Each structure stands twice: as C-alpha cells, then as structure tokens.
Amino acid sequence: MKMARGKFGDFGGRFANEILMPVLIELEEAFDKIYPTPEFQDELKNLLENYGGRPTPLYHAESFSELVGCKVYLKREDLVNGGSHKLNNTLGQAHLAKRMGKTRLITETAAGMHGVATVMAGNACGLETEVFMGAQDIKRQASNVKRMKLLGAKVTPVNIGSGVLKDAVSDTLREWTSCSRTTHYLMGSTVGPHPFPEIVATFQSVIGEEIKKQMLEKEGRPPNAIIACGSGGSNAIGAFRPFVDNEKVRLYFVEGGGEHLDADSSAAAFQLGKPGVIHGALMQTLQDEHGQIKPSKTRSAGLNYPARGPEISHLCKTGRVKACYAFDEEVFEAVKVMARNEGLIPALETGHAIAYMLNHKDEFSEDEVVVLNYSGRGDKDLETILRYFENEAWRKI
Ligand SMILES: *Cc1c(COP(=O)(O)O)cnc(C)c1O
C-alpha cells in the first residue's frame, strides 16, 4: 500500500498553522518539479563533486576491524567540505532555493556544523544567510560561530527555553512565516513538517548510493550491516535508504545515551520517549509526564535534540532498524580508540557509532563486513574532548 505523502507509518505529517501551510505546499511543489530536471541534477552533481569533494572514500579501517572482530569500512563523510555530511543537504536545498527565486536562507544550528554548511552552500549559490543558534550552543561551539561570521552569516542568538537546538528550531519556524516570499528555511535534518524530511533524505541518500556502488566494487556484495549515529536521522537515513528493502542488511541507529538512561540526563528518545508532535510532525520525542517536550541531554551538541525524525522513528518502531545508544563516557573512550588506532579524530556524534561497535562486538561476526557511517571530524569538539580526559586524569590520581 502506498503511504500518504509525508507519512512514515504513524509518524510524520504536516502540523502547521494556516500561514505556514501554503509555504510548505509551495516548497513541496517546487521540489517535485525542479529536482528531477536534468539541469538541476547536473548542477547539483557538479557542486557535490567539485565543491563538496564527493564521492567520499569507503575506507577499510584495518586496525579498528581487528579490535572489533569483523571487517569495518568507514564511509568518510568527515572528508566532505566543512567536515561532515551536512553539506550534502545544504548544497541541495540552497540550489533548490535559488531555482525557486529565493535570495536568502535562514536556518538553526546546534553543533554549528549545519550552520557552517548552510553559509557555505548559501555563498556557493549566491544567497544571503542568517543562522539562529541557542545561546548555550553559541558558547559551546565558539569555533564554528567564528567560522560562520567569517563566511559572512548573521548569527542570531536564541534565548528562549533552554537556549539549545529545539528552541532555535521553534524560533526559526516563527521567523520564516514573516519572510517566506524571499527566504528559504533550510532544515538541517530529516525532521519538521512535510516536505522537509523527504527533501533532506533525498539529498542525503547520495551517501547510501555511493556505499552501494563502492561495496560492489570492493566486496562484490552489500554489507552485512550499516551503523550510523544520529538525532534527527539525516546521516543515518542517507546511508540506509538504498538498503531498507534488502532485509539481509542489518541497520543500527545509535542515539545519545548521555550520562545515564533516565530522562533527566539523556537524549535517548527511542529508549525513554514516545510519539508526540514537535516542530510540525509526529515524531518519537522525549516528554515529561504531562506530554510536554523534555530537553535532551548529551555532551554531543549535534545529538542534543529531543526528537527523532519521522522516517527513522518508523523504521525503529517497526524493527527494521535497531535503536541503540551509547553513553558519553563510552563515546570519549571511542574517540580515543579511533584516534590512536586509525589516526582519525571523529566528531563526538560519530563517536557514538564507534562506541556501539566497540561495546557490542558479539553482534558482529568475523566473516561479516560492516559499514560505519563516519559522519564527521572532531576538530570542533577538541576542547570538550581534551577537557574530559584532563578531568579523568584528576579522578585517577
Ligand atoms: C549533525 C550531526 C549529526 C546528527 O544529525 P543527523 O541529522 O541525525 O545525521 C551526526 N554527526 C555529525 C558529525 C553531525 O554534524
């Protein structure tokens, strides 16, 4: 049975007020019309290859493979211009916005990676950019804020709520209703009202399409498993989509476990949350006993969002994707293991997928080939990582 557009099982939909509704419909129609055209496809391909650096390598990490006891390939999204998978989506949407006749982009960001990727894409496509960012996150991610400013973006702090990503999303949606004629809201993950989850998933699927091709070249077959970290789910869905119908490929989604598995110190919405409407769609969300959205908690800013996008929510609920988590402490250790063994410093977000493999070796057997979607590099997290190990050293004295 074909599902209604924008619905993933029970999840998704378009819960928007009457001002936003026509804007979302305009975007949906423009995407349907413009995306399939050869001109759009050619220009996007050119941008992804020559500006973004695609295709990214699929790297056989031999030392790490030895550690976990199966053959592991890293899909190197850290090598995309800007240092993460985010540019795949921002180039796609910026290019679409330009084709729609928009002159300006607005967006929100947590770790700052999406903000940087949006300004880069905006500049590459000749559009102005304004980035809304939680006041807390501005402090935590100073180097990305500097980068955005150098690139010419206006960075606007959001002080409502607890000053993190979920508050910035609410503020940006509000801003969009007043300026949508000239401005495109560049949603950063597979979340929000339809058509955003579909648009972002389409642009990120380039990851999975490349994995499929590269696996055929290197191994002559699809992988036994793909493992990805995430919050909204864009890097995971991008990697998973071309394999969802192949039940032989196991799919693992690792969210932020935070400090402990309780709702006051975690971001693990699949373990602790339930379905609820947030930011225009029905998604798996962290909530308190009254059904109010509960702020998430994790040391990894990019995973610090209380909801999982509709598509990953559906895939986890139906059991097609295994919902997993890793705790902050395990993630810091995993970052160190990857640095020492492979000479790669992963983003804390990516560290979740690495930690899961290191701590669940029994789930992967010797003859298996596993793709770990290596979503980003850790330069932005350097301070946080070093501070963690300094404190650790203190504790051990
Ligand atoms: C933003 C980010 C994520 C999480 O976002 P998703 O939309 O769930 O993919 C993961 N890894 C890195 C490196 C990021 O920057």
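Everything numeric here is computed off the predicted structure, so don't read it as measured data. (Residues numbered from 1 in each chain as written. Predicted model: local features only at pLDDT ≥ 70, side-chain atom pairs only at ≥ 80, totals over all residues. Heavy atoms only, no water.)

Engineer: Is there a simple way to explain the sheet that holds strand 10 (residues 250–258) in this structure?
Structural biologist: What holds strands together in a sheet is hydrogen bonding between their backbones, with the strands either parallel or antiparallel. Across the sheet, which stays open at both edges, the 6 strands sit in the order 3-4-15-9-10-14 with mixed pairing between neighbours. Only two strands of the sheet have a single neighbouring strand rather than two, namely strand 3 (58–60) and strand 14 (321–327). Taking the axes of each pair of neighbouring strands and ignoring which way they run, one obtains an average angle of 25° across the sheet. Across 6 bridges, the pairing between strand 4 (residues 71–76) and strand 15 (residues 369–374) is parallel. For Val-72, the partnering residue across the bridge sits in strand 15 and is Val-370. On the sheet, helix 13 (residues 310–317) packs against strand 10 and strand 14 and is oriented at approximately 105° with respect to strand 14. (Pairing = 2+ DSSP bridges. Helix = DSSP H or I, 4+ residues; strand = E, 2+ residues; numbered from the N terminus. Axes fitted to C-alpha atoms, helices over the stretch in contact; angles between N-to-C directions. Contact = heavy atoms within 4.5 Å.)

Engineer: Sorry, what's going on with the sheet that holds strand 8 (residues 183–185) here?
Structural biologist: Here 4 strands make up an open sheet; going across it, the order is 7-6-5-8 and the pairing parallel. Every other strand in the sheet has two partners, leaving strand 7 (154–158) and strand 8 as the edge strands with one partner each. With strand direction ignored, the average angle separating the axes of adjacent strands in the sheet is 25°. The pairing of strand 5 (residues 104–109) with strand 6 (residues 128–134) spans 6 bridges and is classified as parallel. Bridging from a neighbouring strand, Ile-106 pairs with Glu-130 of strand 6.

Engineer: Please clarify how the domain arrangement of the protein should be interpreted in this entry.
Structural biologist: Here the protein is partitioned into domain 1 (8–49 + 86–200) and domain 2 (53–83 + 205–396). Computed from C-alpha atoms alone, the centre-to-centre distance between domain 1 and domain 2 is 22 Å. Tallying the contact residues gives 35 residues for domain 1 and 38 residues for domain 2. Buried area between domain 1 and domain 2, summed over both chains or domains, comes out near 3,000 Å², and the portion from carbon and sulfur atoms is 63%. When the buried surface of domain 1 facing domain 2 is broken down by residue, Phe-11, Asn-88 and Lys-166 rank first, second and third, together holding 21% of it. Across the domain 1-domain 2 interface, the total number found is 1 salt bridge. For Glu-198, the salt bridge identified is with Arg-241, shortest N-O distance 3.1 Å. Viewed at the interface, domain 2 and domain 1 are joined by 12 residue pairs in polar contact (both at pLDDT 80 or more). (Domains from an automatic or database assignment. Buried area = accessible area lost by both parts, 1.4 Å probe. Salt bridge = Lys/Arg side-chain N within 4 Å of Asp/Glu carboxyl O. Polar contact = N/O pair within 3.5 Å; in protein donor to acceptor, adjacent residues only side chain to side chain.)

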